[in-house]
Amino acid sequence: MTAFTELTEVWRSRKHGLKREKLGGLARREAWWGLLFLAPWVLGFLGFYLLPMGASLVFSFTDFDLSTGEMQFVGLKNYTRLFIDPQVRKSLLITLRFMIFAAPIGLAWPIATAVLLNSKNLWGKRVLRTLYFLPSIIPVVSVAYIWQGFLNTQTGWLNRALEAVGIPGPEWLTSPAWIYHALILAGLWGVGDAMIRTLAGLQSVPTEYYEAAQVDGANQLHTFWNVTIPMISPMVFYNLVLLVIGLFQYFILAWILGGPQSNPAEATLFYNVYFYKQAFSYSSMGYGATLAWVLFVMAMTVTVVLFGTQKYWVYYSGGNNNV
Amino acid sequence: MSSLTRSLRRFLAVSSLTLFTVILLTAFLSPFSYMAATAFKDKEQITDPTSPLWPGRPATYVYNGEEVTYTFTFQEKEDQVTLSPGDEYDMYQVPDENGAMREWAMIVKRRGVSFFLDPGSPDAGLQEWVGEWRQLTPTYELSLRWENFEKAWNDLDFLRVLRNTLVIAVGGDIGTLISCTLVAYGFSRFRIPGKNLLLIILIGTIVLPRQVMLVPTYAFFTRIGWVGSWLPLIIPHFFGNAYNVFLLRQYFMTIPKEMDEAAMIDGAGPLRTLTSVILPQSIPVVTAVAVFHFIWAWNDYFEPLIYLVGRRDLYPLSVAIQFYNQQYVRELHMVQATAILGLILPVIIFFLAQSAFMRGVVVTGVEK
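Rules behind the numbers
- Residues numbered from 1 in each chain as written.
- Chains lettered and ligands numbered in written order.
- Predicted model: local features only at pLDDT ≥ 70, side-chain atom pairs only at ≥ 80, totals over all residues.
- Helix = DSSP H or I, 4+ residues; strand = E, 2+ residues; numbered from the N terminus.
- Buried ≥ 20, exposed ≤ 12 C-beta atoms within 10 Å, placed from the backbone.
- Axes fitted to C-alpha atoms, helices over the stretch in contact; angles between N-to-C directions.
- Parallel < 35°, antiparallel > 145°, perpendicular 65-115°, else oblique.
- Left-handed = near helix turned anticlockwise from the far one by under 90°.
- Contact = placed C-beta atoms within 7 Å.
- Nonpolar A, V, L, I, M, F, W, Y, C, P; charged D, E, K, R; others polar.
- Core = buried A, V, L, I, M, F, W, Y, C linked by C-beta atoms within 7 Å.
- Domains from an automatic or database assignment.
- Pairing = 2+ DSSP bridges.

Draft legend 1. Layout of the overall build of chain A. Broken down by element type, chain A carries 14 helices and zero strands. Along chain A, from the amino end to the carboxyl end, the secondary structure elements read α-α-α-α-α-α-α-α-α-α-α-α-α-α. Each principal axis of the C-alpha atoms in chain A carries an extent, and together these give about 70 × 70 × 30 Å. Relative to its 323 residues, chain A shows a buried fraction of 41%.

Draft legend 2. Structural detail: the environment of Glu78(B). Turning to its location among the elements, Glu78(B) is positioned in strand 4 (residues 77–83). Along the primary structure Glu78(B) and Phe187(B) are separated by 109 residues, whereas in three dimensions their C-alpha atoms are 92 Å apart.

Draft legend 3. Structural context of the packing of helix 9 (residues 192–203) of chain A against helix 11 (residues 220–248) of chain A. Residue and element names in this part refer to chain A. The geometry of helix 9 relative to helix 11 is characterised by a closest axis approach of 8 Å and an angle of 165° between their N-to-C directions. Judged by the inter-axis angle, helix 9 sits roughly antiparallel to helix 11. The handedness of the crossing between helix 9 and helix 11 is right-handed. Contacts from Ala194, Arg197, Thr198, Gly201 and Leu202 in helix 9 reach Ile232, Met235, Tyr238 and Asn239 in helix 11. Here the contact of helix 9 with helix 11 is composed, by residue class, of five nonpolar, three polar and one charged.

Draft legend 4. Focus on the interface of chain B and chain A. Each partner contributes residues to the interface: chain B has 80 residues there, and chain A has 82 residues. Listing elements by their share of the side of chain B that touches chain A, those giving two or more residues are helix 1 (2–28), helix 2 (30–39), helix 5 (158–189), helix 6 (195–207), helix 7 (214–223), helix 9 (242–252), helix 12 (283–299) and helix 15 (332–358) of chain B. Of the residues in the side of chain B that touches chain A, the class split is 56 nonpolar, 19 polar and five charged.

Draft legend 5. Representation of the nonpolar core in the model. Ranked by size, the top nonpolar core spans 148 residues in total, and within it Trp147(A), Ala182(A), Ala292(A), Val183(B), Val245(B) and Leu248(B) carry the most contacts. Looking at which element gives the most residues to this core, the answer is helix 11 of chain A, with 13 residues. Grouped together as the second largest cluster of nonpolar side chains are 12 residues, Tyr92(B), Trp104(B), Phe115(B) and Leu117(B) included.

Draft legend 6. Fine view of unusual backbone geometry. The omega angle of the peptide bond from Asn263(A) to Pro264(A) is -15°, so this bond is cis rather than trans. Along the polypeptide, Pro264(A) turns up in the loop between helix 12 (252–258) and helix 13 (271–281). The phi torsion at Gln75(B) lies on the positive side, around 50°, for a residue other than glycine. Along the chain, Gln75(B) turns up in the loop between strand 3 (68–74) and strand 4. On the neighbour-count criterion, Gln75(B) (9 C-beta atoms within 10 Å) is exposed. Even without glycine at this site, Glu76(B) takes up a positive phi of about 60°. Checked against the element boundaries, Glu76(B) lands in the loop between strand 3 and strand 4. A tally of 5 C-beta atoms within 10 Å means that Glu76(B) is categorised as exposed.

Draft legend 7. Representation of the domain arrangement of chain B. In terms of domains, chain B is made up of domain 1 (105–141) and domain 2 (148–358). Relative to domain 2 of chain B, the C-alpha centre of domain 1 of chain B lies at a distance of 59 Å.

Draft legend 8. Up close: the pairing of strand 5 (residues 88–95) of chain B. Residues and elements named next belong to chain B. Sheet topology places strand 2 (residues 60–62) next to strand 5; three bridges connect them, and they run antiparallel. Residue pairing in the sheet places Thr60 in a bridge with Asp90 of strand 5. The pairing of strand 5 with strand 6 (residues 101–110) spans five bridges and is antiparallel. Pairing of Val94 across the sheet is with Arg102, part of strand 6. Two successive antiparallel strands, strand 5 and strand 6, enclose a turn made up of five residues, where Gly99 displays a positive phi of approximately 90°. Strand direction decides the pairing type here: strand 5 and strand 9 (residues 137–138), joined by two bridges, are antiparallel. Residue Tyr92 lies in a different strand from strand 9, and its bridge partner there is Pro138.

Draft legend 9. Highlighting the packing of helix 4 (residues 86–117) of chain A against helix 11 of chain A. All names here are of chain A. It is the contact of helix 4 with helix 11, at a shortest axis distance of 10 Å, that shows an interaxial angle of 150°. When the axes of helix 4 and helix 11 are compared, the pair comes out roughly antiparallel. Along this stretch, helix 4 crosses helix 11, giving a crossing that reads as right-handed. On the side of helix 4, the interface is formed by Thr95, Phe98, Met99, Ala102, Ala103, Gly106, Leu107, Pro110 and Ile111, while helix 11 contributes Val236, Asn239, Leu240, Leu243, Val244, Leu247 and Phe248. Here the residues of the contact of helix 4 with helix 11 sort into 13 nonpolar, three polar and no charged.

Draft legend 10. View of the environment of Tyr282(A). Residues and elements named next belong to chain A. Position of Tyr282 among the secondary structure elements: in the loop between helix 13 and helix 14 (285–313). Judged by the 13 C-beta atoms lying within 10 Å of it, Tyr282 falls in the partly exposed class. Residues Tyr282 and Asp65 lie 217 residues apart in sequence; the distance between their C-alpha atoms is 8.6 Å.

Below, the structure written as structure tokens:
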């Protein structure tokens, strides 16, 4: 059996995960060692996260006002308000609809560019990789301002270039329909990290798998689908989880390109923008915390569901015994 | 012959793919070209909507002939103009009757009519052109304002903010690498009861919007006396963070377990297995984590801003740049010049770190 067919076998049989054994003496030792390695994070969680997270949860049951510092318990009032607040529904819809379009692009672009920049048939890889990664080095606030200038309907370079070839440029930033295209374009500048992670993942694919695939007479597409994708699936999974969390928390680009008024026509009033406005612009930290915790519950639910899908498509060469 | 066709075919494949990649890159980076071009401009050009996209300055013509006085007629009155050697005149694109452009130096501008000198034949005397000179396009010549960067360097006190930034970024990087490697190893290689729940809690720390934890976190750091120092920006990174732990865990889990087992049979304990088996296999991703944290710390603006409030001497580059830009809101060229100045070191570091990304894993341990 060649390495390639063996890999395919393992890949197919990943569904039948290993059965868990009872904890014996050896297993207990293993668990203690594992906990020892987790200790830095557990301590850090208790020291730096538990308290602020707990405090913000408490805020959500109060009318904490940031400007006056006054705080009183209001029970579930913030939560009942959230469920009848029409803006919550609107902002959530904006966020989810944007996610449906942005997530596939944000997932595919890093894979496509990583595979391109990993190709044997490419000159000047070091320079090209650096240049493709360059936008991710620019602070996101600067990125927003650069795109704001670049996409300006009259003076922006993009519309000037489009006009030069006879295409009337759209109103990228002032039309409620085009603003999402503008955000997605600018967003491509933020996925360089995902590209590098995918590149790092591509380095871990043992070359003999490719050789084996070649011996088996697999064509390039087949090899990509059956060797490359399974081997980088842990990185793709990571990118997917972070992408979805990031899109739930979508904020800075919308905040700067849309301005505090969430122009045009409140099209950039994403859920997290609404949270930010409530908590900081209107100083309603109590209601803001409620919005944040409801976002937390929604995003966590999706994250847990994504973790559950791993067994259908994520392949860990080190064994699937964990998740 | 077959080797010739093969190398020709390879040449074609390489050049066409490279060409495609470069074209895609040009489009992808075009907003960056806009940024870079702006950084090299001067204030006058930015406010002039008729100026070209590339950095330049209005071209001028220096008269170097003999002193001469010309007479011209404007609104039926005679007037005179004297040209002396060393006089400087602005260049304009002046159309002739057919619309063809001539680059002429403007000597006299009046409403409705202007007089030019053709630098190609200055002895031919003044050329009259009827029309509004304001509608003419000035001629620009390429001029890169390197002074913008010199000014940004001095105004930012660059070396001091660079030192501050490096302390924060490198200190945090050391903490991140040590702690995240250990924690990710724990998550990827040991059977621990409740591990999946712990992993979900780990991810949960980045799911809650950071801003909502801001007030209590600030209160906490004030209570323990860390506000006004670099400690809140460095120490927490010694306790792992979800982004990098999760990333390293994903990578560690692609390393075949047979390799750990072989090391353990040779008598290696868990820590030795980590340093002698897992880490050497993970150089690409460990480098990635180091670079990601460095760039993140380099650009992180919000945390240094609130934790270093009032301590200007401790400000890192990101905060210094923002403060500087607030003073120069209308000077777009300085805003972009400082931004580019801030990019240089991270770009160099990324470029150098490449050799680690490039490095494929040679030994796989999956013996046939």
